[in-house]
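Commentary on secondary and tertiary structure
Chain residues, written in single-letter form:
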Amino acid sequence: MAAAVLGMWLPIYFGPLGEWMKERPPPFIAWMEQHTTFAVVLFMAATALAVLGSMARQPNEPQPVAELAETLATAVAEQWRREEAALQLQAPWPIPLRWENTARPVADHWEAINGTHDLGEPVDLSGRLDGDGRADDSIVAVFHRVASRRLVILGAPGAGKTVLALNLVLHLLDRRQEGERVPVLLPMGSWDPAQETLHSWMARRLAEDDPALRSRSRSGATLGQELIASGQVLPVLDGLDEMPPQARSEALAALSRQLGRGEPLVLTCRADEYQRTVGSTVLTAAAVVELCPLDPADLRTYLRVSTVPARTGCWDPLFAEVESTPGGPVAQALSTPLMAWLARTAYADTTAGPAELLAEQGGIRRFADRTAVEEHLLQRLIPAVYSRDLPGEDTRRWSGEEAHRWLSFLARHLDKFRTPDLAWWQLGTTVPLASRMVLVGIATGLVYGLLSCLVHGLGGFGLMDVLVSGLLNGSMTGLSFGLAHGVVARFIDGAFQPSRVRLSLRGRQTGRARPRFLPRFMAGLVVGPIAQVTGNLLAGVVNVAAYQEPFWLLARVLNAGFWGLVVGVGAALVLGSTAWFEEPIDTQEATSPTGLLNTNRATVLRQALVLGVVFGLLILLGSWVMAGLLPRHMWGVTVVWTPAVGLRSGILSGLGSALVAALALTAWGRWVILARGWLPLTGRLPWAVSAFLEDAHRRGVLRRNGAFYQFRHARLQHHLAPVPPPLPPQRRSRPRVRLSGLLRRQDHGRVGEPDSDGEMSR
């Protein structure tokens, strides 16, 4: 309806067709020409119906906590089953893991673990993970032997702690009965115990993977918080050692203090780091097991069965070395599952042979110690996995050298922020803030300038007027949004998180909107006039310099006052009203980094369209009302409003501002400008960033944890980070709006030159 009305109405005012239509207007068009006010109202009503129709969808009704727990269990199981397959943990042959009660003085008293002073005898927690892990000595059986259901898993780097924790999660889900807790694997590197409680951090991490858990119940708490408070979640916390050293003791103390009696917990950590962290305290009621080095017989079986029969002989020199020199560098390096997997990846399906680990130069071993062997295996990983095709692989291929350079850049980015979580919306932070502001300003200025040229070109203005208008509007808008991006990035934490809400007519039923309404309303009311005053004053200075007439500065001042009020009220209403029309996006829409990116792109563009149209209509209606209320003449200037002026102003102010705001002030916009534009242009990332990350995941270099990518192991991340490889030569404020054309000089009867926005003044 909006398109039909607009298609009938625009020819009256815009372009060469308008001249012909005015000379020979059809009856209906002639009637609309004489009743322009009705035409404007009809266009507004039709467009409003279209906008409301785009918001009219079935809302996501909050689920009861018990039902939500079942949904969460299904989602967690699906996520980690896919990840287990992607990491090839069971194929072609699983690496056996063994563990036993730790001999380190890091466990609590057995009376506290068993829950009674009568039972002080240790419980044997030794076990083995082999095949599907369903035997009596599996990790699930061991976990159930711990009366307190609190278990700490220790091990050397690469010993298989995360693999064992993942296996525990999957098999607990396999055996889970309705009403039992849902095991959830959470990396601890993102927790700051000085800033967040355990439960609030868990709720935040769960909501990052499942946006439905952001919804609020009648009590005001989010569904994620209620799920945790009602005892429906079993936290499996992976990687205490990934936290900063000073935060580890705080984390252990917070766990002991904040976990209630009977609340279960599983925690993984490197053995030495855990022993140093414990010091004078322990995790209350927690039993501790420690993973054992890989047995030579298990290593032999794993490498032999994982290699095609025709190539199994290539391992014989290595097996002989391990058996004859169990304390040698090769045997020590291959005693962890991580290094065994790296050896299989590097040599089982490639032309290289593992005998190079035993090579000598001048009678001296090339790899003289364990660290040298491990670093060589880590170095062999990228060339090995990128030398072979993947099933169903598309035509895009990256060489091992390219992949190494880009993955090293990502590893340095993660090391800089001391986190294992690679988020697509944070890739732009690798660019300094000042450079980000410049790049955002250039991008938004180009978009707004091109839109300004289009709108004024359809208005029938000359080429020079159109170009000047586009250049001035684009420059002012780019400057405004570049500064706005810097202010938001510097002072508003979490402003560039991906949006996990959408607009819906019944969205207000999902939570409390009042606390969010007033700040948004006031932001629009304050920023709108400020942007108008700033933009019009700058444009006035340009006009005076160009036309050598002080009148233009007065006209711009009056313009700023008129449009500042209109834009401020419109922005306040649009921003404030969104608090009542937001609801979380569907869980199924954002269960992976790529899924969240695609959903965020669609959400941002849809919101920009809806809010831009509504804002533009408010500008159109508000300017019409204001023009009717103001006196016809002010200070020698005639106030003139026409539907054409209102429509042009509405398009530029509404849709133009919404589009550039989507680029400058959202996670998706920063991703487009920086991660999809600047970083590939400078050679730090490939052009197809998402495809590259997904390909690295399929090759086993990266793993996925909800909305984040992570390197398969922290050791790999730290190996890639230290030395940057050389780069190849390479060839919340509201937007300011341009709404001029309102003011005409009274004391001149001649037609004046067009102003910087392409509008004609007299």
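Residues numbered from 1 in each chain as written. Predicted model: local features only at pLDDT ≥ 70, side-chain atom pairs only at ≥ 80, totals over all residues. Heavy atoms only, no water.

1. Quick word on the overall build of the chain
When its secondary structure is counted, the chain shows 27 helices and 16 strands. Counting all 762 residues of the chain, 54% fall into the buried class. Surface summary for the chain: the accessible area is close to 32,600 Å², and the carbon and sulfur share equals 60%. (Helix = DSSP H or I, 4+ residues; strand = E, 2+ residues; numbered from the N terminus. Buried < 20%, exposed > 50% of the residue type's maximum accessible area, 1.4 Å probe, protein only. Areas by Shrake-Rupley, 256 points an atom, 1.4 Å probe, with all protein chains shown as cover.)

2. Comments concerning the packing of aromatic side chains
Within this structure, the stated rule accounts for 8 aromatic pairs. With a centroid separation of 6.5 Å and an interplanar angle of 25 degrees, the aromatic rings of Trp315 and Phe319 are classed as stacked. Taken together, a centroid distance of 5.4 Å and an interplanar angle of 55 degrees make the contact between Trp425 and Phe708 tilted. On the criterion of sequence distance, the pair formed by Trp425 in the loop between helix H18 (400–417) and helix H19 (433–458) and Phe708 in strand E15 (residues 708–711) is long-range, its members being 283 residues apart. No difference in accessibility class separates Trp425 from Phe708, as the two residues are buried. Cluster of aromatic residues (ring-pair linked, three or more members): Trp424, Trp425, Trp671 and Phe708. The ring of Phe491 carries the charged tip of Arg490 above its face, separated from the ring centre by 5.3 Å. Here the basic side chain of Arg712 rests over the ring of Trp341, its NZ or CZ set 3.7 Å away from the ring centre. (Phe/Tyr/Trp six-rings, centres within 6.5 Å; stacked < 30°, edge-to-face > 60°. Lys NZ or Arg CZ within 6 Å of the ring centre and 35° of its normal.)

3. Remarks on helix H9 (residues 198–209)
Taking 1.5 Å of rise per residue, the 12 residues of H9 would be expected to cover 16 Å, and the 17 Å separating its terminal C-alpha atoms lies within 8% of that figure. A large share of H9 lies buried, amounting to 9 of its 12 residues. Those residues of H9 that sit buried are Leu198, Trp201, Met202, Ala203, Arg205, Leu206, Ala207, Glu208 and Asp209. Residues of H9 that are buried make contact with strand E4 (182–187), helix H10 (223–229), strand E5 (233–238), helix H11 (245–258), strand E14 (702–705) and E15. (Expected span 1.5 Å × (residues − 1). Contact = heavy atoms within 4.5 Å.)

4. Some thoughts on a nonpolar patch on the surface
Taken together, the side chains of Leu518, Met522, Leu525, Val526, Ile530, Val569 and Leu573 define a hydrophobic patch exposed on the protein surface, amounting to about 580 Å² of accessible area. Taken together, the elements giving at least two residues each to the nonpolar patch come down to helix H21 (514–547) and helix H22 (551–577). Broken down by element, the nonpolar patch gets its largest block of residues, 5 residues, from H21. Structurally, the position occupied by Val526 is in helix H21. The class for Val526 is partly exposed, based on a relative accessible area of 43%. (Patch = residues over 30% accessible without salt bridge, like charges linked within 9 Å, V, L, I, M, F, W, Y side chains within 5 Å. Salt bridge = Lys/Arg side-chain N within 4 Å of Asp/Glu carboxyl O.)

5. Some thoughts on the nonpolar core
Counting 91 residues, the largest nonpolar core has Leu377, Tyr386, Leu407, Leu410, Val701 and Phe711 as its most contacted members. Per-element accounting of this core gives the leading share, 8 residues, to helix H16 (residues 337–347). With residues near it in sequence (within four places) discarded, Tyr386 still touches Arg397, Trp398, Ser399, Gly400, Ala403, Leu407, Phe692, Asp695, Ala696, Arg699 and Val701. Within the second largest apolar cluster, 74 residues are counted, among which are Val152, Leu185, Ala207 and Cys269. (Core = buried A, V, L, I, M, F, W, Y, C linked by side-chain atoms within 4.5 Å.)

6. Thoughts on helix H5 (residues 65–86)
With 22 residues, H5 extends 31 Å between its outermost C-alpha atoms, agreeing within 8% with the 32 Å of an ideal straight helix rising 1.5 Å per residue. Three or more residues of H5 are buried, namely Leu68, Ala69, Leu72, Ala73, Val76, Gln79, Trp80, Glu83, Glu84 and Ala86. Projected down its long axis, H5 carries its buried residues within an arc of 165 degrees, all on one side. Gln88 sits one or two residues past H5 and shows a positive phi near 55 degrees. (Arc of directions from axis to C-beta.)

7. Re the sheet that holds strand E6 (residues 265–270)
Strands in a sheet are paired, the pairing made by backbone hydrogen bonds, and the direction either parallel or antiparallel. The 7 strands are arranged E2-E1-E7-E3-E6-E5-E4 in an open sheet whose pairing can be described as mixed. The open sheet has two edge strands with one neighbour each: strand E2 (127–129) and E4. Taken over all neighbouring pairs, the strand axes of this sheet differ in orientation by 20 degrees on average, direction set aside. When strand E3 (residues 150–155) meets strand E7 (residues 287–291), the two strands line up parallel, connected through 4 bridges. Bridging across to E7, Ile153 finds its partner in Val289. (Pairing = 2+ DSSP bridges. Axes fitted to C-alpha atoms, helices over the stretch in contact; angles between N-to-C directions.)

8. Quick word on the packing of helix H13 (residues 296–305) against helix H14 (residues 316–324)
With their axes 11 Å apart at the nearest point, H13 and H14 run at an angle of 175 degrees to one another. Taken as axis vectors, H13 and H14 run roughly antiparallel relative to one another. From H13, Pro296, Arg300, Leu303 and Arg304 reach across to H14, where they touch Phe319, Val322 and Glu323. (Parallel < 35°, antiparallel > 145°, perpendicular 65-115°, else oblique.)

9. Looking at the pattern of salt bridges
When the charged atoms of two side chains with opposite charge come close together, those side chains can pair. Here the structure, examined in full by the defined rule, presents 18 salt bridges. We note a salt bridge from Glu321 to Arg365, for which the minimum N-O separation is 3.1 Å. With Glu321 in helix H14 and Arg365 in strand E9 (residues 364–365), this residue pair connects regions lying 44 residues apart in the sequence. Residue Glu321 is classed as buried on the basis of its relative accessible area, which comes to 12%. Its relative accessible area of 25% is what places Arg365 among the partly exposed residues. Counted as one network, the salt bridges with shared partners bring together Arg370, Glu374, Glu375 and Arg715.

10. What to know about the packing of H13 against H16
The geometry of a pair of packed helices is captured by two quantities: the angle between their axes and the separation between those axes. Packing of H13 against H16 brings their axes to within 10 Å, and their N-to-C directions diverge by 30 degrees. Overall, the two elements H13 and H16 adopt an arrangement that is roughly parallel. Handedness of the H13/H16 crossing: right-handed. Of the residues in H16, those touching H13 at Leu299, Tyr302 and Leu303 are Ala340, Trp341 and Arg344. Grouping the amino acids of the contact of H13 with H16 by side-chain chemistry returns 5 nonpolar, no polar and 1 charged. (Left-handed = near helix turned anticlockwise from the far one by under 90°. Nonpolar A, V, L, I, M, F, W, Y, C, P; charged D, E, K, R; others polar.)

11. So, the pairing of E5
Most of E5 is tucked away, with 6 of its 6 residues classed as buried. By the alternation rule, side chains of E5 split into Val233, Pro235 and Leu237 and Leu234, Val236 and Asp238, which are all buried. Two elements, E4 and E5, share 6 bridges in a ladder whose sense is parallel. In the sheet register, Leu186 faces E5, and the bridge partner there is Leu237. Sheet topology note: the E5/E6 ladder contains 2 bridges and is parallel.

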